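# Summary of structural features
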Amino acid sequence: GPDSNYNINVVSGGGGGLATWDSGQLLNMTLYGGNLVATGNNASDGSVRSTIAFGGSALCYAEDTLTVAGASGDSSSGISSSTSNLGTAPNSTVQIAAVYQGSGGIWVNGSSPGSITAISAGNVVGKAVNMSTKHYWTRNGIGNWNGSGAADPSTDTGGFDISGLSGSIYWWSSANGAGSGNTSW
């Protein structure tokens, strides 16, 4: 079985309803548990998008639970545009906003605007998106959003700018597949 798991938990998308991981929008990942768990398959870097895209002026929220951490620490959780490359990492590409599991480093559209505490096994990663203002937040457990006591998606404060992401926006998670023990969301 998989050596680590990320579960997609309570998730809402701009289109309404709950999302699961999309079996048609994945690369080097395997889905389990009714497409609620995505695991890297040790081939190489890979990722998966959710079934529901955000739209309009929606304020969306999701959680991923890391049940077992991969050894590399390079797996990540966040959002992705429909145009992002499913085989690249957030720090080397645009069209993704995500947090790295091992370091807590946040990457938005190819640059790092901040960080949160590193994500360990058992941690829940919260992620929020305001589609009206094009802002993104993430946190580890109940910690500070975007690593700042002032950031808060409910008041649209301290969100990172995602206006550079084009196309439809989806929940997204990745696993580093360098054979070093993959992480799953």
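Rules used throughout
Residues numbered from 1 in each chain as written. Predicted model: local features only at pLDDT ≥ 70, side-chain atom pairs only at ≥ 80, totals over all residues. Heavy atoms only, no water. Buried < 20%, exposed > 50% of the residue type's maximum accessible area, 1.4 Å probe, protein only. Helix = DSSP H or I, 4+ residues; strand = E, 2+ residues; numbered from the N terminus. Pairing = 2+ DSSP bridges. Core = buried A, V, L, I, M, F, W, Y, C linked by side-chain atoms within 4.5 Å. Contact = heavy atoms within 4.5 Å. Salt bridge = Lys/Arg side-chain N within 4 Å of Asp/Glu carboxyl O. Axes fitted to C-alpha atoms, helices over the stretch in contact; angles between N-to-C directions. pLDDT = per-residue confidence, 0-100.

## Quick look at the pairing of strand 7 (residues 76-81)
- Of all six residues that make up strand 7, six are buried, and the element is covered over most of its length.
- Here strand 7 pairs with strand 8 (residues 96-100) via five bridges, running antiparallel. Pairing of S80 across the sheet is with I96, part of strand 8.
- Bridge count between strand 7 and strand 14 (residues 169-175): six bridges; the pairing is antiparallel. Among the inter-strand pairings, I79 is bridged to a residue of strand 14, identified as W171.

## Quick word on the nonpolar core
- Residues F54, I79, I106, V129, Y136, I162 and W171 are the most contacted members of the largest nonpolar core, which totals 29 residues.
- Every residue in contact with I106, bar those within four places of it in the chain, is listed here: A98, V99, S111, S112, P113, G114, S115, I116, Y136, T138, N146 and F160.

## Section: the pattern of salt bridges
- Under the definition given, this model contains one salt bridge.
- One salt bridge in this structure joins K127 and D64, with 2.8 Å as the shortest N-O distance. Within this pair, whereas K127 is found in strand 11 (residues 124-130), its partner D64 is found in strand 6 (residues 59-66), the two being separated by 63 residues in sequence. Each member of the pair, K127 as well as D64, carries the same accessibility label: buried.

## Some remarks on the pairing of strand 8
- Counting buried residues along strand 8, five of its five residues qualify, which places the element largely inside the surrounding structure.
- Residues I96, A98 and Y100 of strand 8 are buried on one face, and the alternating residues A97 and V99, pointing to the opposite face, are buried as well.
- In textbook terms, the turn of a hairpin is the stretch between consecutive antiparallel strands, and for strand 8 and strand 9 (residues 105-108) this stretch comprises four residues, one of which, G104, has a positive phi near 80°.

## Description of unusual backbone geometry
- With a phi close to 65°, N35 is a non-glycine residue in the positive phi region.
- The exposure class assigned to N35 is partly exposed, which follows from its relative accessible area of 25%.
- In this structure, N109 is a non-glycine residue whose phi angle is positive, near 55°.
- Note on placement: N109 falls in the loop between strand 9 and strand 10 (111-115).

## Quick look at the sheet that holds strand 8
- Taking strand neighbours across the sheet as the criterion, the seven strands line up as 2-5-14-7-8-9-10 in an open arrangement whose pairing is antiparallel. Every interior strand has two partners, whereas the edge strands, strand 2 (21-27) and strand 10, have only one. Geometrically, the sheet is characterised by an average inter-axis angle of 25° between neighbouring strands, direction not taken into account.
- Note that strand 5 (residues 46-54) and strand 14 share six bridges and pair antiparallel. Looking at the pairing, F54 lines up with I169 of strand 14.

## Digging into the environment of Y100
- For Y100, the location among the structural elements is in strand 8.
- Since its relative accessible area comes to 7%, Y100 is described here as buried.
- Along the chain, Y100 and S173 lie 73 residues apart, while their C-alpha atoms are 9.9 Å from each other.

## Digging into the environment of S115
- Position of S115 relative to the elements: it lies in strand 10.
- When the C-alpha positions of S115 and W145 are compared, they lie 9.5 Å apart, and in sequence the two are 30 residues distant.
- For S115, the residues in contact, after removing those within four places along its chain, are G104, G105, I106, N146 and G147.

## Here we look at the confidence of the model for the protein
- Per-residue confidence for the protein gives a mean pLDDT of 80; residues scoring 70 or more make up 78%.
- Mean pLDDT values for the elements of the protein range from 42 in strand 1 (residues 6-8) up to 97 in strand 13 (residues 160-161).
- Counting interchain partners and residues more than four positions distant, the pLDDT-below-50 stretch residues 1-15 has 77 contacts.
- pLDDT under 50 marks residues 178-183. Its contacts with residues more than four places away, or in other chains, come to 28 contacts.

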